[in-house]
Amino acid sequence: MAAPTPRAPPVINTTLPCNTKQPYIRTVRWRSIVACIVVEEDVSGGEGGWHTPSPRLRRLRHYEVAASTLVAVLLAVAVTVALDAAVATAIAVIGVIATGSIADVVAGRRVRAWGYVERADDLLVKRGVMFQRTCVIPYGRMQYVEVTAGPFERACGLATVQMHTAAAASDARIPGLPADEAARLRDQLTSLGEVSAMGL
Amino acid sequence: MSDPGAPEPPAGLSSAQSRAVAGLEGDWQRLHPLSPLVRAGRGAVAIVALLLIPTGGSRQGALSSDLAHIAVLVVVFVLGVITWLVTRWRVEGGVLRVDSGLIRRTSERFPLSQIQAIDTVRPGLARVFGVAELRIRLASGSGKAGRLAYLSNAEAETLRARLLALSHGMAEATPAPPEQTLVTVAPARLFASILLSGSGLVLELVIVVLVVLAVVAPAIEAAAISAGAAGLFGLAITLFRRFNGDYKLVVADASDGLHLRSGLVETSAETIPMGRIQAIRMIEPLAWRAFGWCRLEVDVASQKSRGRQDRNQSKAARALLPVGSRDQAAFLLARVFQDLPQERVAPPARARWKSPLRFRYLSGATNERYAVTTSGRLQRVTDWVPLAKVQSIRLLEGPIQRRLQLSSIHLDTAGRRVHAVLRDRDRTEARKLFGELPDRCRHARQR
C-alpha cells in the first residue's frame, strides 16, 4: 500500500473556548449544533493513515437516533395510555429506550468504521462493521464526483462525497465530511481524474 | 428538398441510394414515409387484437368501446405522421445531425469520427415494408445512441456503409471489411435448448399441469387457465423473444469487431468492437449438462437506458453462442481474449460452511491480464474479466466469512450483467491479491 498523500495540518478555529490539548470531541459533543458549525475539525488521524468522517457525523447520528427514539417513546406512551395499562407503559418505554441505545452504539461503530485514503493512483474507501467492505477506485476510472448534503447534514456543515464510475456496483461513498474538506476532495478527485482519464 | 446547385449523384444509384448520398452531402432528408405505420405497428397490432378478441358475456357498449379503440389508433397514427414530418437528418461538416420534435425541438449531433458501430434492426413489420432502423453508437463514455427509424433497406445499407467508411476516415464508397464466419447455431438445437432452460421448464411444467387438470377435473381447468393466463402469456413471450433474438445467430470476425446477425421475425445486425467487451460469461445450466451444452454471453459497456432508448438497447449481455459445445465456446473465447489463466484454484475447504450450495463450483484465478471466476448454485457460471476493463475492486468480509477467515473480491466492470467475484478465498491470500490487483489493472490498461 502506498503512503497517503501529505495533507495540510488541521485548521482549528479558536473562536470557541475549547482546549485543543484535550480531545475536544468530548467537550463539544453536547454543545448546540450552532457551536459545532464553528469548529473546524481535522478529519485525519485514524490508524494506518485512514481519514475518517468528521466527529460531527457521530453527533448527527446521535441526534437522529435520539429523535427517532423520542418519537417512538411518545408513540408507545400514547398507545399504552390509551389502553390504560401502566405496567405496559413502563415496559414499552424501557424497551424503546434500550433499542435506541443499542442503535446509537451501532451507529457510532458504523461511523467509526468509515475511512478513506487518497493514494497515488486510486482512492481507497472502507466501511461497515458487520459486513466490512473496502473499495479501490482508480482515479482514471472516475466518471464524476457527486457532493450531496441533506438538510441535517447541512445544519452540521457536513457533506457526502461519492465517486461514480461506469460500473454501477462501485461503492465509494464518504459521508460526513466537513463542507470544505468535501469541496477539497471533490476538486482533488476531479483534477486527478482528468489527468489519468481513460476510455472504457 | 434537394438543392438544384448540388452535384448530381453518380449514375447507377437507385433513388433511395441517391437520397442517402444527398443526405451525406448536407441536404435535409426525411425518414421513410411508412415510418409512422411501422412505429405504431406494435400498438396497432395490440389494439386490433383487442378488437378481435370477443370480450365474452354481453356485447352491450362494445361498439362505443370499439370506436374508442379506433380513435386511439387514429390519434397515435396522426401523432406518428407529425413526428415523421418534423424529423429530418443530414450530415454537416462531419457531424450527423438529427432534428425532431414539433413542440419540444431536439437536435442531436453525432460526430462521425466518434461512431463506433452502426447496427441495423428490422422488426417484423419493418421487414414486411422493406424498411430498417439504423442505430448509431458512439464511442464516447456516455454510450449515447442515435436512431434513424426507419429508412428503406437500400437507403439504410448505403448510409451505413458510407457513414462507417467516413468514420474510419476512408473514402465514402469503400466496401465493408471482409468478415470470417466463426459460428452458427442450428435452429433445432436452439429450440431444444430453450425448452430445457429454466423458464422453458417452468412453462412446460405449467402446460403439463393444465393438461392433466383438463383430463382429471375439467371444472377447475377453466378457472386455472383464466388465473394463470397472463403469467403464462408473459412467459411464452419471454421465451419467444429469446428464441427470436438468437435465431440463426451468425457470429463473424472482422477488422472492426465481431459481427452478430440474428432474428426470426425481428432481425438485427450489430457490431461489437473488441475493445468494448467488458466481460464474457459462460453458463452451463443443470438441464443442459447431459448434452454438454453451454451458453456464452458477452457484456458490453452501456449506461442505464433512459428516455427514448428502447429495451433492445438495455439488454447489454448479448449471446455470442446461444447454445453450443464447450469446444465451440472455447474457440470463440480464444478469439476474443488471449492469454487467459489456465489453472483455476478452489477456495479452502472451510468455505463449504459459508456457501454450501455454491462450493462445488467455486474457483478463481488471475494472471497479468485477466481474472476468471466460477460460481453458481444449480448452474455453473464462469466469468472472464480483462483486468484492463476493471472499474473498481472491492474486498468484502461478512460476519460468517470473518469467523472462517475468508474474504471475497469483486471486480466491477462497466458491463451491466457480468462482474467477476472471487468468492470465499482465504483471507490472507485475498488481502494480498487485493493489494496487488490495482497495480496489475493499471499495467493491463497501459498495454
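Predicted model, so just to flag it, every value in this text is computed and none were measured. Numbers given to residues run from 1 along each chain, matching the order in which its sequence is written. Numbering of ligands from 1 and lettering of chains from A proceed in the order in which they are written. Reporting of local features is limited, given that this is a predicted model, to residues whose pLDDT is at least 70; pairs of side-chain atoms are given and counted only at 80 or more, and all residues count toward the totals for whole chains, interfaces and linings. Only heavy atoms go into the side-chain values, all of them from the structure, while hydrogens and water stay out.

K.L.:
Got a sec to walk through the interface of chain B and chain A? Specific residues and values, please.
P.N.:
Interface extent is often summarised as the accessible area lost during association of the parts. Contacts: residue pairs with any heavy atoms within 4.5 Å of one another. Each partner contributes residues to the interface: chain B has 25 residues there, and chain A has 24 residues. Using a 1.4 Å probe, buried area is obtained as the accessible area two parts lose upon being combined, added over both of them. Of the roughly 2,000 Å² buried between chain B and chain A on both sides combined, carbon and sulfur atoms contribute 52%. Salt bridges, as used here, are contacts in which a Lys or Arg side-chain nitrogen is within 4 Å of a carboxyl oxygen on Asp or Glu. Viewed at the interface, chain A and chain B are joined by 1 salt bridge. Under this definition, polar contacts are N or O atom pairs within 3.5 Å; protein pairs additionally need one hydrogen-donor-capable and one acceptor-capable atom, and for neighbouring residues in sequence, both atoms have to be side-chain atoms. Counting across the chain B and chain A interface gives 9 residue pairs in polar contact (both at pLDDT 80 or more). Strands here are runs of E lasting at least two residues and helices are runs of H or I lasting at least four, both read from the DSSP assignment and numbered beginning at the N terminus. The element best represented in the side of chain B that touches chain A is strand β18 (residues 392–397) of chain B, accounting for 6 residues. Tallied by class, the residues present in the side of chain B that touches chain A amount to 10 nonpolar, 7 polar and 8 charged. Polarity classes work like this: nonpolar for Ala, Val, Leu, Ile, Met, Phe, Trp, Tyr, Cys and Pro, charged for Asp, Glu, Lys and Arg, and polar for all others, with Gly in that last group.

K.L.:
Break down a nonpolar patch on the surface for me, with residues and values.
P.N.:
Residues and elements named next belong to chain B. Like-charged residues are merged into a patch within 9 Å and nonpolar side chains (Val, Leu, Ile, Met, Phe, Trp, Tyr) within 5 Å, provided each residue has over 30% relative accessible area and no salt bridge. The method behind every accessible area is Shrake-Rupley, applied with a 1.4 Å probe, and residues are considered shielded solely by the protein chains displayed. Nonpolar side chains collect at one region of the surface, where I207, V208, V211, V212, V215 and V216 lie side by side and expose about 550 Å² of accessible area between them. With respect to the helices and strands, the residue V208 is situated in helix α7 (residues 198–216). Each residue is assigned to one of three classes by its accessible area relative to the maximum for its type, calculated with a 1.4 Å probe on protein chains only: buried under 20%, partly exposed between the two thresholds, exposed over 50%. Residue class for V208 comes out partly exposed when judged on its relative accessible area of 48%.

K.L.:
Describe the sheet that holds strand β19 (residues 406–412) of chain B, naming the residues involved and giving the relevant values.
P.N.:
For two strands to count as paired, DSSP must find a minimum of two bridges between them. The antiparallel open sheet is built from 6 strands, whose spatial order is β1(A)-β2(A)-β3(A)-β18(B)-β19(B)-β20(B). Looking along the sheet, the strands with just one partner apiece sit at the ends: β1 (115–118) of chain A together with β20 (420–426) of chain B. Direction aside, the axes of adjacent strands within the sheet are offset by 15° on average. Sheet topology places β18(B) next to β19(B); 5 bridges connect them, and they run antiparallel. Bridge assignment links S392(B) to a residue of β19(B), and that residue is D412(B). Each axis is a line fitted through C-alpha atoms, taken for helices only over the stretch in contact, and angles between the N-to-C directions span 0 to 180 degrees. Across the sheet, helix α6 (residues 179–195) of chain A is in contact with β1 and β2 (122–127) of chain A; its angle to β1(A) comes to roughly 45°.

K.L.:
So what about helix α13 (residues 427–446) of chain B? Which residues, and what values?
P.N.:
Residue and element names in this part refer to chain B. Between the first and last C-alpha of α13 there are 29 Å, a value that for 20 residues agrees with the 28 Å anticipated at 1.5 Å per step. Note on bend: at a given residue it equals the angle between the axes fitted to the 7 residues ending there and to the 7 starting there. In α13, a bend of some 35° at E436 exceeds every other bend along the element, and P438, a proline, comes one to four places later. If you check which residues of α13 are buried, you get R427, A430, L433, F434, L437, P438, R440, C441, R442, A444 and R445. One less than the number of residues in a helix, times 1.5 Å, gives the span that helix is expected to have.

K.L.:
Outline unusual backbone geometry, listing residues and values.
P.N.:
All names here are of chain B. The omega torsion across A149 and Y150 is 0°, close enough to zero to call that bond cis. If you check the backbone angles, K248 has positive phi at about 50° while not being a glycine. Mapped onto the elements of the fold, K248 is located in the loop between α8 (218–246) and β9 (250–254). At Q405, a position not held by glycine, the phi torsion is positive, near 60°. Structurally, Q405 can be placed in the loop between α12 (399–403) and β19. With relative accessibility at 39%, the residue Q405 sits in the partly exposed group.

K.L.:
Outline the packing of helix α3 (residues 55–82) of chain A against helix α4 (residues 86–113) of chain A, listing residues and values.
P.N.:
All names here are of chain A. Contact geometry for α3 and α4: axes closest at 9 Å, N-to-C directions at 165°. Between α3 and α4, the angle is such that the two are roughly antiparallel. Seen from above, α3 lies across α4 with right-handed handedness. Side by side, α3 and α4 meet where L57, R58, R61, H62, V65, T69, A72, V73, A76, V77, T80 and V81 of the first sit next to A88, T89, A92, V93, V96, I97, G100, A103, D104, A107, G108 and V111 of the second. Classifying every residue of the contact of α3 with α4 by side-chain character gives 15 nonpolar, 6 polar and 3 charged. An angle counts as roughly parallel when it lies under 35 degrees, as roughly antiparallel when it exceeds 145, as roughly perpendicular when it falls between 65 and 115, and as oblique in every other case. Left-handed describes a crossing in which the near helix is turned anticlockwise from the far one by less than a right angle; the clockwise case is right-handed.

K.L.:
Can you lay out the pairing of strand β4 (residues 106–111) of chain B for me, pointing to particular residues and giving the numbers?
P.N.:
Residue and element names in this part refer to chain B. The pairing of strand β3 (residues 95–100) with β4 spans 6 bridges and is classified as antiparallel. Pairing of L96 across the sheet is with F110, part of β4. Hairpin connection from β3 to β4: 5 residues lie between these consecutive antiparallel strands, with G101 at a positive phi of about 95°.

K.L.:
Any details on the packing of aromatic side chains? Residues and values, ideally.
P.N.:
Residues and elements named next belong to chain B. Pairing of aromatic rings covers Phe, Tyr and the six-membered ring of Trp, with a centre-to-centre limit of 6.5 Å; geometry is then stacked below 30 degrees between planes, edge-to-face above 60, and tilted otherwise. Scanning all chains against the criterion turns up 5 aromatic pairs over all chains. Taking 4.6 Å as the distance between ring centres and 20° as the angle between the ring planes, the aromatic pair formed by F291 and W293 counts as stacked. F291 sits in the partly exposed class, given a relative accessible area of 47%. Look at W293 and you get buried, because its relative accessible area is 10%. The interplanar angle of 40° and the centroid separation of 4.9 Å between the aromatic rings of F337 and Y370 together place this pair among those described as tilted. With a gap of 33 residues between them, F337 in the loop between α10 (326–336) and α11 (351–354) and Y370 in strand β16 (residues 370–375) connect regions that are remote in the sequence. As far as the burial class goes, F337 and Y370 line up, both buried. Through pairs of rings, three or more aromatic residues link up here, namely F191, F243 and Y247. Directly above the ring of W84 sits R30, whose terminal nitrogen or CZ lies 5.6 Å from the centroid. Geometrically, a lysine NZ or arginine CZ counts as sitting over a ring once it is within 6 Å of the ring centre and also within 35 degrees of the ring normal.

K.L.:
Now, about the nonpolar core: what can you tell me, with residues and values included?
P.N.:
All names here are of chain B. We define the nonpolar core as a collection of buried residues of types Ala, Val, Leu, Ile, Met, Phe, Trp, Tyr and Cys that are connected through side-chain atoms lying within 4.5 Å of one another. V251, I280, L320 and F337 are the most contacted members of the largest nonpolar core, which has 36 residues in total. With 5 residues, strand β13 (residues 293–300) is the largest single contributor of residues to this core. If we skip the residues at most four places from it in the chain, I280 touches L296, E297, V298, L333, V336, F337, T382, D383 and W384.

Everything listed here is a matter of geometry and, on its own, says nothing about what the molecule does.
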